[in-house]
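Report on the structure
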Amino acid sequence: MKEIAVDDEFDVDELTQKISAVMSRWSVQMLDINGPDWVIYDYDMEIIYHIHFNVDFNDIETRIMLEDLKLNVIHHIESLKDETTYRDNLVNAVFLKD
């Protein structure tokens, strides 16, 4: 498993390309988006990547960047036309804690 920490000054396009490249691999099954933690699983449901966003979810600009990133990656996953899938819990997971 590879762990990656992302700060609040990330580049949406660059990170989209990196995550999309990983999601295009034949061995990848799912991206689980759960608030600040994005986990990529293989077909055995073993964790390949754990991406943690060290960001302020209350900052509107950061939330817009995360939403853009999420939509870009989901669009890529849907374009693959294979069994690769995702689970989206970006906002709910963060705000249910309060």
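Residues numbered from 1 in each chain as written. Predicted model: local features only at pLDDT ≥ 70, side-chain atom pairs only at ≥ 80, totals over all residues. Heavy atoms only, no water.

With respect to the sheet that holds strand E5 (residues 85-89)
The cut-off we apply is this: Pairing between strands requires that DSSP locate at least two bridges from one strand to the other. Secondary structure is summarised from DSSP: a helix means a run of H or I of at least four residues, a strand means a run of E of at least two, and numbering begins at the N terminus for each. Orientation is described by axes fitted as lines to C-alpha atoms, over the contacting stretch for helices, and by angles from 0 to 180 degrees between their N-to-C directions. Residue contacts are defined here by distance: any two heavy atoms, one from each residue, within 4.5 Å place the two residues in contact.
One open sheet accounts for 5 strands, arranged E1-E4-E3-E2-E5; its pairing is mixed. Both edges of this open sheet fall to strand E1 (2-7) and E5, since each of them pairs with a single strand only. Taking the axes of each pair of neighbouring strands and ignoring which way they run, one obtains an average angle of 10 degrees across the sheet. For strand E2 (residues 28-34) and strand E3 (residues 37-42), the ladder comprises 6 bridges, and the chain directions are antiparallel. Bridge assignment links Met30 to a residue of E3, and that residue is Tyr41. Strand contacts of helix H2 (residues 60-79): E2, E3, strand E4 (47-54) and E5, with the helix running at about 155 degrees to E5, the strand carrying the most contacts.

Regarding the environment of Lys70
Note the cut-off: Partly exposed describes any residue whose relative accessible area lies between the buried limit of under 20% and the exposed limit of over 50%, with all areas from a 1.4 Å probe on protein chains only and scaled to the type maximum. Two N or O atoms form a polar contact when they lie within 3.5 Å of each other; inside protein one atom must be a possible hydrogen donor and the other a possible acceptor, and for residues adjacent in sequence the pair counts only when both atoms belong to side chains.
Tracing the backbone through its elements, the reader meets Lys70 in helix H2. Its relative accessible area of 7% is what places Lys70 among the buried residues. C-alpha of Lys70 to C-alpha of Val12: the two residues are 58 residues apart in sequence and 9.4 Å apart in space. Those residues in contact with Lys70 that lie beyond four places of it in its chain are Ile33, Trp38, Asp88 and Leu90. A polar contact is formed between the side chain of Lys70 and the side chain of Asp88, at a distance of 2.8 Å.

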